[in-house]
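Residue-level listing of the chains:
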Amino acid sequence: MTQQPPPAGPADPPDGPAPPDIPDRVARVYGELDLSTVPAFAGGFINFGYWTGLPGPADRELTRADRVRSEEDLYRLVLGTFDRPQGRTALDVGCGRGLGCALALRECGLGTVIGLDAHPDQIARAREANAELLATSADTPGRLEFVLGAAQDIPLPDDSVDCLFSVEAAQHFRDLPGFAQEAVRVLRPDGRLALTTFFARTRAAARALPELLPPYADGLDVPHVVDEVAGTLAAAGLREVRVRPIGDGVWEPYDRYMAQQPELHDDEWPRRYLTAYETGLLDYYVLTAAAG
């Protein structure tokens, strides 16, 4: 199996129309193919993971439990950028199965967590995966909820969110200016934004990535350039935009995990992400910004 479903080809159309605002390839990967079930991921999460906090010697063999921990720790890294989140309202843009929302609610003391995803199948999965927590929240309405909507058209009122975060979703955003403007609109004046994913380092790198990595060639991912993403956030009115590269805690241990798993180590193209990192084409980043 692959890190992601096989690259799309001429004979690989979606079975039906894409949901509104979602390209066909994205709709299929997160719909019928259900990326969260691919063995390279674990525990229902969908991200490369942040591996620096794993216990034990750095060179030990990595386990499935380590894989889950790495995916959770990526959320913890992002959520840790929020100062005093207790009792506040958070929005997860591109929430998938909503496991990061549950982690945020459980570990950060947030008052309300809203998971937003553009794919109706993902919203249905999030509600199913978190059914017990949703039922527990019945006496405190709004503590956890999942909402269908696009990053560039967030169905929430103005000034309704204190913390907006997004974990490995922005590489799919076709309308980054729209997302940035919506973030400014829904964040309260003292609100904060934090997102993490992989971006191209330069425009030349963005042009080269589709030759190396099929998700860029088949329409799943967009090779956004990290400095342009930061500029887009600033142009929308966000302040204190900061970019932190974290690839040293992502790419090599992820690749080592892939190499150590019998069902994954022969899967060649997903391991090209390490090549892309080592040759300066892309990196993994955390971007933070302040509203107002």
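The notes below deal with the structure included here. (Residues numbered from 1 in each chain as written. Predicted model: local features only at pLDDT ≥ 70, side-chain atom pairs only at ≥ 80, totals over all residues. Heavy atoms only, no water.)

Points about the overall build of the chain
- A tally of helices and strands in the chain yields 11 helices and seven strands.
- The C-alpha radius of gyration computed for the chain amounts to 18 Å, which stays within 12% of the reference 19 Å derived for 292 residues, consistent with globular compactness.
- Looking at the chain as a whole, 55% of its 292 residues qualify as buried.
- Summed over all atoms, the accessible surface of the chain reaches about 12100 Å², with 52% contributed by carbon and sulfur.
- Placing the 27 positive and 44 negative side-chain charges of the chain at their respective mean positions leaves the two points 4 Å apart. (Helix = DSSP H or I, 4+ residues; strand = E, 2+ residues; numbered from the N terminus. Rg over C-alpha atoms; globule rule 2.2 N^0.38 Å. Buried < 20%, exposed > 50% of the residue type's maximum accessible area, 1.4 Å probe, protein only. Areas by Shrake-Rupley, 256 points an atom, 1.4 Å probe, with all protein chains shown as cover. Lys, Arg positive; Asp, Glu negative; His and termini not counted. Charge placed at Lys NZ, Arg CZ, Asp CG, Glu CD.)

Regarding the environment of C163
- As for its position among the elements, C163 is in strand β4 (residues 161–167).
- In sequence terms C163 and A151 are 12 residues apart; their C-alpha atoms lie 15 Å from each other.

Thoughts on the environment of P189
- Mapped onto the fold, P189 is located in strand β5 (residues 187–200).
- Residue classification places P189 among the exposed residues on the basis of a relative accessible area of 62%.

Quick notes on the pattern of salt bridges
- According to the stated counting rule, one finds 21 salt bridges in the structure shown.
- One salt bridge connects R28 with E32, and the closest N-O pair in it is separated by 2.9 Å.
- Its relative accessible area of 16% is what places R28 among the buried residues.
- Classification of E32 by relative accessible area gives partly exposed; the value is 44%.
- The partner of R97 in a salt bridge is D34, with the nearest N and O atoms 2.8 Å apart. Taken together, the residues span a long stretch of sequence, with R97 in the loop between β1 (89–93) and α3 (99–108) and D34 in the loop between α1 (24–30) and α2 (64–79) at a distance of 63 residues.
- Among the residues examined, R97 registers a relative accessible area of 21% and is labelled partly exposed.
- Several salt bridges share partner residues, and in doing so they unite R69, E72, D73, R76 and E107 into one network. (Salt bridge = Lys/Arg side-chain N within 4 Å of Asp/Glu carboxyl O.)

Description of the packing of α2 against α3
- It is the contact of α2 with α3, at a shortest axis distance of 10 Å, that shows an interaxial angle of 55 degrees. In terms of orientation, α2 lies oblique with respect to α3. Where α2 crosses over α3, the handedness of that crossing is right-handed. Taking contact as the criterion, the partners of E72, Y75, R76 and L79 in α2 are, on α3, G100, L103, A104, E107 and C108.
- Grouping the constituent residues of the contact of α2 with α3 by class yields five nonpolar, one polar and three charged. (Axes fitted to C-alpha atoms, helices over the stretch in contact; angles between N-to-C directions. Parallel < 35°, antiparallel > 145°, perpendicular 65-115°, else oblique. Left-handed = near helix turned anticlockwise from the far one by under 90°. Contact = heavy atoms within 4.5 Å. Nonpolar A, V, L, I, M, F, W, Y, C, P; charged D, E, K, R; others polar.)

Keep in mind these values describe shape, not function.
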